[in-house]
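A look at the structure
Chain by chain, the residues run as shown.
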Amino acid sequence: MEKLTLLEQDLINAVCLFHAKFKNTTPEDVEVELMYDDVAGYSAEAFYNGQLDVYNSVNFIMALRLYIDEQLGRDSMSARISLAIDDEEGMIAHVEF
C-alpha cells in the first residue's frame, strides 16, 4: 500500500481549488483558514468576495479528493484519507492508496 502525506499548504490549496470551482473564480482569489476543534473536528473556512463558507470534515475531505484527482493525477476514490495535527507541520492529511 502506497502512503502519501499532504502538508498544510496542500490542504489550503485543495480547499482553494474546490471553492474556486464552485464559485466560478480563480483559486488565487480565495482565502482559506484551516481549523480543528475537539468537538467539531477538522474544518476549513473559505473567504471569497466578502462571503464566508465553512467546510465541515466531510466537505473538507471532498476538497482533498478533488485535489488528489486533478492535481496529483491519482484516483482519490481508492484512497483512504485521514487528517491529523503534526507538531512541526501543522494540519496534514495521510493518504493511503
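Above this text is the structure in question.
All of these numbers come straight from a predicted model, not from anything done at the bench.

Conventions we followed
Residues numbered from 1 in each chain as written. Predicted model: local features only at pLDDT ≥ 70, side-chain atom pairs only at ≥ 80, totals over all residues. Heavy atoms only, no water. Core = buried A, V, L, I, M, F, W, Y, C linked by side-chain atoms within 4.5 Å. Buried < 20%, exposed > 50% of the residue type's maximum accessible area, 1.4 Å probe, protein only. Contact = heavy atoms within 4.5 Å. Axes fitted to C-alpha atoms, helices over the stretch in contact; angles between N-to-C directions. Helix = DSSP H or I, 4+ residues; strand = E, 2+ residues; numbered from the N terminus. Parallel < 35°, antiparallel > 145°, perpendicular 65-115°, else oblique. Nonpolar A, V, L, I, M, F, W, Y, C, P; charged D, E, K, R; others polar.

1. Some points on the nonpolar core
The biggest cluster of nonpolar side chains holds 31 residues, and the ones touching the most others in it are Leu11, Val32, Phe60 and Leu64. Residues in contact with Leu64, not counting those within four places in the same chain, are Leu6, Leu11, Ala14, Ile81, Leu83 and Ala93.

2. As for the packing of helix H1 (residues 8–23) against helix H2 (residues 57–71)
How two helices pack is summed up by the angle between their axes together with the distance between the axes. Look at H1 against H2: their axes get within 8 Å of each other, and the N-to-C directions meet at 95°. Considering their axes alone, H1 and H2 lie roughly perpendicular with respect to each other. Residues Asp10, Leu11, Asn13, Ala14, Val15, Leu17, Phe18 and Lys21 of H1 form the contact with H2, whose participating residues are Asn59, Phe60, Met62, Ala63, Leu64, Leu66, Tyr67, Glu70 and Gln71. Residues of the contact of H1 with H2, tallied by class, amount to eleven nonpolar, three polar and three charged.

3. Regarding the environment of Leu6
One can find Leu6 in strand E1 (residues 3–6). The spatial distance from the C-alpha of Leu6 to the C-alpha of Met91 is 9.0 Å, given a sequence separation of 85 residues.

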